[in-house]
Amino acid sequence: MLSSCADPKAIEGLSWLFCYLTSGKHIDFYWSFLTVLLLLAITAPAALGFGFVGATAARSPFLPARMLGKTYIAMVRGVPDIIYFLFFVIALDQAIEYLKFLAVCPAGSPLPWQGLEFRVCPEAKVPLSTSSAGWHKAYGFLLAAVTFAIVFGAFAANVLYGAMQAVPRAQLETAEAYGMSHKQVFRRILVPQMWSYALPGLSNLWMILIKATPLLFLLGVKDIVYYARELGGSKTQAYEFPHGDWRLYYFLGLLVFYLCMTRVSEILLGKLAGRLSRGQATAAGEAMRKAAA
Amino acid sequence: MKKLLLATALVALGAGMAAAQTVRLGTEGAYPPYNFVNDKGEVAGFERELGDELCKRAGLTCTWVTNEWDSIIPNLQSGNYDVIIAGMSITPERGEVVDFSQPYIPPASSAYLALSKDADLKSGPVAAQTSTIQAAFVAENGMTVVEYATPEETVAAVKNGEAVAVLADKDYLKPIADESGGALVLLDREEVIGGGVGMAFRKSDTELRGKFDAAIKSMKCDGTLDAMIVKPEYFGPETKVWGEEGKQGC
């Protein structure tokens, strides 16, 4: 903090506002935007990965893989997000600590589940109670990212499954007639063509993912919505910068942020859709071919 | 030689484990002057100072964690932190799921904050924070309760007319009434609910609870607890303190 901000109650006007907006808590608030962007950057590819594996499994000729893929899609899609977020994070956390419990706790320790409590020996805590606050934050964030990836992966799996089914059968048959193996058909024909069918569904998911990031707060990660609510709430003289209820302004700021995010995404996705349609046997691809000719 | 090595290893391990005990203190961080997150982004308030002092007296290393009020007890039980120190009143219902230390603040008054002195508490809903003793009190005493997740929202509900009044700890509401410029007033009627404010522990953590109990008692005995309570930035000189009652059995 700057030296001129040492006594915020003595200053007024613009310099007060400047000091207010550069307080430690506001700096945390600005970093939390990065947290959200980081979550998107990690979750989107991870969810796509989950989705791809899920979709491939769901249309596999091998029955157990097919059942596994379909169960994953049906289960995650069928449970409300909030319930899933609340349940899964706790379950994942306990599962990790249970595995560590088996590995490091002295033999004969009682099982961690005791009535309402979940208790492992101190050595098995993840992260350890002695770890710095940064590790606790990182661990919480990672749990959240994995949960997001699994939930959105299930939706992505269904979209990709549909897209794979939408690739015209004739295309695959032609490839087979050329003597390509199943794997080659999958890699060279099916996957490159399915993206243009998958993109509208995937872009919907991406938009929903952007708008779902405030769920981070449910998972104990302090995101921008948490800070907006916390900073905007009215502050008495107990605080260094007392003020009234300013939540409206903070939320207006968030509104602008989210609108910018979705607008930029729309533009980029539009460009991507154009790229993917090029040379495809779809209406969009045909229109492009005609325009070029 | 082997035995010596083994013994050394065991001693080193034991020492490492003893030093590894960091106690995580969980608080809400939204209830000044009890606890709040200050403009530097750190936990502050009465309970911050108290908690740090208690840890010093008990010889423990402590760190602070904030958690939503709603899930503060479940997260204690699942081991996210070891102690709740969040202005939590001792009640028999909570006593069934957690164990309390002895109280560090005597049973305090709860007050009603309303738009005018003559507000009729039966004419509309009374706001209170979810899972507080005040919310239970309102519901049990023939008034309609409307619950909010944070203390901030309960006050906002009174301001915009969703609720006739808000029932909360007087120490929380008084600065809000004082600084509202007359827009919000405290009613003359007050309630004394709960068995004082204490720290909450997992039922299985009797050893840790014993350490904090002893530390609280020692602060009551030498009067430092009372001196801390009446500090102007916390509860002020008019607040009820422990006095002679706290010194019994020293």
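Since the structure is predicted, the reported quantities are computational estimates derived from the model, not experimental observations.

(A) View of the overall build of chain B. Along chain B, the regular secondary structure elements total 10 helices and 13 strands. Once the C-alpha set of chain B is aligned to its principal axes, its extents read approximately 85 × 35 × 35 Å. Long-range pairs, those at least 24 residues apart, make up 68% of the contacts in chain B between residues at least 6 apart in sequence.

(B) Structural detail: the environment of A:Leu14. Residues and elements named next belong to chain A. With respect to the helices, strands and loops of the structure, Leu14 is situated in helix α1 (residues 13–21). Accessibility expressed as a C-beta count within 10 Å gives 8 for Leu14, which makes it exposed. Sequence separation between Leu14 and Ser181 is 167 residues; the distance between their C-alpha atoms is 70 Å.

(C) Region of interest: the sheet that holds strand β4 (residues 43–44) of chain B. All names here are of chain B. The strand order β2-β3-β4 describes an open sheet built from 3 strands, whose pairing is antiparallel. In the strand order of this sheet, the two ends are held by β2 (30–31) and β4, each with one partner. Two elements, β2 and strand β3 (residues 35–37), share 2 bridges in a ladder whose sense is antiparallel. By the bridge assignment for β3, Tyr31 is matched with Asn35.

(D) Main features of the interface of chain B and chain A. The interface is formed by 25 residues belonging to chain B together with 25 residues belonging to chain A. Those elements giving two or more residues to the side of chain B that touches chain A turn out to be β1 (22–27), β3, α6 (151–159) and α7 (170–178) of chain B. When the residues that make up the side of chain B that touches chain A are grouped by side-chain class, the tally is 9 nonpolar, 8 polar and 8 charged.

(E) The arrangement of the packing of helix α2 (residues 46–58) of chain B against helix α8 (residues 206–221) of chain B in detail. All names here are of chain B. At a minimum axis separation of 9 Å, α2 and α8 run at an interaxial angle of 110°. Looking at the two axes, α2 sits roughly perpendicular to α8. Seen from α2, the contacting residues are Glu53, Leu54, Arg57 and Ala58; seen from α8, they are Lys211, Phe212, Ala215, Ile216, Ser218 and Met219. Looking at the contact of α2 with α8 residue by residue, the classes come out as 6 nonpolar, 1 polar and 3 charged.

Cut-offs used in this document
Residues numbered from 1 in each chain as written. Chains lettered and ligands numbered in written order. Predicted model: local features only at pLDDT ≥ 70, side-chain atom pairs only at ≥ 80, totals over all residues. Helix = DSSP H or I, 4+ residues; strand = E, 2+ residues; numbered from the N terminus. Contact = placed C-beta atoms within 7 Å. Buried ≥ 20, exposed ≤ 12 C-beta atoms within 10 Å, placed from the backbone. Pairing = 2+ DSSP bridges. Nonpolar A, V, L, I, M, F, W, Y, C, P; charged D, E, K, R; others polar. Axes fitted to C-alpha atoms, helices over the stretch in contact; angles between N-to-C directions. Parallel < 35°, antiparallel > 145°, perpendicular 65-115°, else oblique.

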